[in-house]
Protein chains: 2
Amino acid sequence: MRAMEKNVNTENVRAQMRKGVLEYCILLLLAKEDAYASSIITRLKEANMIVVEGTLYPLLIRQKNQGLLQYRWEESPQGPPRKYYAITDKGREQLEEMNNAWQEIVTTIENIKN
Amino acid sequence: MRAMEKNVNTENVRAQMRKGVLEYCILLLLAKEDAYASSIITRLKEANMIVVEGTLYPLLIRQKNQGLLQYRWEESPQGPPRKYYAITDKGREQLEEMNNAWQEIVTTIENIKN
DNA sequence: TTTGGTACTTTGTCTTGCAAGGTATTAGTT
DNA sequence: AACTAATACCTTGCAAGACAAAGTACCAAA
């Protein structure tokens, strides 16, 4: 009972914090190499950053519409073709902003804790 | 033009990241000392964490309804009485969860950057 | 009694995350 | 040829939450 309630709470807490940095994580990943949606989900999961399709697909589309990403189709060794996303120059600019913003947030939290 | 667009973007980026840690910051502040809404806004602003009334009041009420906070009325030297919020035991438990969650997120980002 | 400062609250809009359900492609199996 | 399983991508509907803006209330000084 108690334990269950705690777990639900804990998940909420983590989920909320994750939201704030999701777009940042996408750009971080794509800055290293192009990837398609399913593989992004897998990688984020490995990094403890849970994302589901219904979240990621619209997010990628938003970032593409903002000019931060572009995509190309590539055949898959098995199954339907994959939509490979790549970061654009504008995306890299935004990523730098995000790096700064992230650093600021971390510093701010440290300040509040002090 | 360019500069303006960039500023808007930058603000969005920061705003989104802030959202994820807002509740955390409130609990961090209240764990140190009781405070009323207006003073919380002032302190967060000093720490570069912009919040407005329309955001904070509902948030405090939510946290109170979750049993994380309680409040008492105190007279003000000038103006209407103040609603002083104080963190509860349950709130401190939650705060510990949040400390862990925050540490995890920071680590996760580092991992993705690596 | 009006003005200014302080404080709390609510309403309406917009964005976003996510569960759930849907479509499409390919390869292997029956 | 039909079925199954695996892989991918996409959409819809709901709910939560941030915030601008407007509203209410209290107090003191002019």
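Preceding this section is the structure that the text describes.
I will try to describe carefully the structure that is included in this document.

Thresholds, definitions, all that
Residues numbered from 1 in each chain as written. Chains lettered and ligands numbered in written order. Predicted model: local features only at pLDDT ≥ 70, side-chain atom pairs only at ≥ 80, totals over all residues. Heavy atoms only, no water. Pairing = 2+ DSSP bridges. Helix = DSSP H or I, 4+ residues; strand = E, 2+ residues; numbered from the N terminus. Contact = heavy atoms within 4.5 Å. Axes fitted to C-alpha atoms, helices over the stretch in contact; angles between N-to-C directions. Salt bridge = Lys/Arg side-chain N within 4 Å of Asp/Glu carboxyl O. Buried < 20%, exposed > 50% of the residue type's maximum accessible area, 1.4 Å probe, protein only. Near = heavy atom within 4 Å. Polar contact = N/O pair within 3.5 Å; in protein donor to acceptor, adjacent residues only side chain to side chain. Nonpolar A, V, L, I, M, F, W, Y, C, P; charged D, E, K, R; others polar.

## Looking at the sheet that holds strand β3 (residues 82–87) of chain A
All names here are of chain A.
So, point 1. Spatial strand order, β1-β3-β2: 3 strands in an open sheet with antiparallel pairing. Bordering the open sheet on either side are β1 (35–36) and β2 (69–74), each of which pairs with just one other strand.
So, point 2. Lying over the sheet, helix α3 (residues 53–65) contacts β2 and β3, oriented at roughly 120° with respect to β2.

## A closer look at the pattern of salt bridges
So, point 1. All chains considered together, the criterion is met by 10 salt bridges over all chains.
So, point 2. Close ionic contact of Arg18 of chain A with Glu11 of chain A constitutes a salt bridge, the shortest N to O distance being 3.2 Å.
So, point 3. Among the ionic pairs, Glu33 of chain B bridges to Arg43 of chain B, the shortest N-O distance being 3.6 Å. Taken together, the residues Glu33 of chain B in the loop between α1 (2–32) and β1 (35–36) and Arg43 of chain B in helix α2 (residues 37–46) connect sequence positions 10 residues apart.
So, point 4. We classify Glu33 of chain B as partly exposed; its relative accessible area is 46%.
So, point 5. Assessed through its relative accessible area of 27%, Arg43 of chain B is described here as partly exposed.
So, point 6. Put simply, Asp34, Arg72 and Glu74 of chain A are held in one network by salt bridges that share partners.

## Re the sheet that holds strand β3 (residues 82–87) of chain B
Residue and element names in this part refer to chain B.
So, point 1. In spatial order, the strands read β1-β3-β2; together these 3 strands make up an open sheet with antiparallel pairing. Each edge of the open sheet carries a strand with a single partner, namely β1 and β2 (69–74).
So, point 2. As judged from the 6 bridges shared by β2 and β3, these two strands associate in the antiparallel manner. For Gln70, the partnering residue across the bridge sits in β3 and is Ala86.
So, point 3. Along the sheet face, helix α3 (residues 53–65) touches β2 and β3 and points at about 120° away from the line of β2.

## Focus on the protein's contact with DNA strand C
So, point 1. Contacts to DNA strand C come from 19 residues, most closely from Gly54 and Arg62 of chain A together with Tyr57, Arg82 and Lys83 of chain B.
So, point 2. Within the contact set of DNA strand C, a phosphate oxygen lies 2.6 Å away from a side-chain nitrogen or oxygen of Lys83 of chain B.
So, point 3. Secondary-structure elements contributing two or more residues to the surface near DNA strand C are α3 of chain A together with α2, α3 and β3 of chain B.
So, point 4. Split by residue class, the surface near DNA strand C holds 7 nonpolar, 7 polar and 5 charged.

## Things to note about the pairing of β3 of chain A
So, point 1. Inspection of the sheet shows β1 of chain A paired to β3 of chain A by 2 bridges, in the antiparallel sense. Residue pairing for β3 of chain A: Tyr36 of chain A is matched across the bridge by Tyr84 of chain A.

## Considerations on the protein's contact with DNA strand D
So, point 1. Around DNA strand D, the structure places 17 residues, and the nearest of them are Tyr57, Pro80, Arg82 and Lys83 of chain A together with Thr55 of chain B.
So, point 2. Take the atoms of DNA strand D that sit within 4 Å of the protein: sugar and phosphate atoms are 72% of them.
So, point 3. Separating a phosphate oxygen of DNA strand D from a side-chain N or O atom of Arg82 of chain A is a distance of 2.3 Å.
So, point 4. Between DNA strand D and Arg62 of chain B there is a distance of 3.0 Å, counted from a phosphate oxygen to a side-chain nitrogen or oxygen.
So, point 5. Broken down by secondary-structure element, the contributors of at least two residues to the surface near DNA strand D are α2 (37–46), α3 and β3 of chain A together with α3 of chain B.
So, point 6. Of the residues that constitute the surface near DNA strand D, the class distribution is 6 nonpolar, 6 polar and 5 charged.

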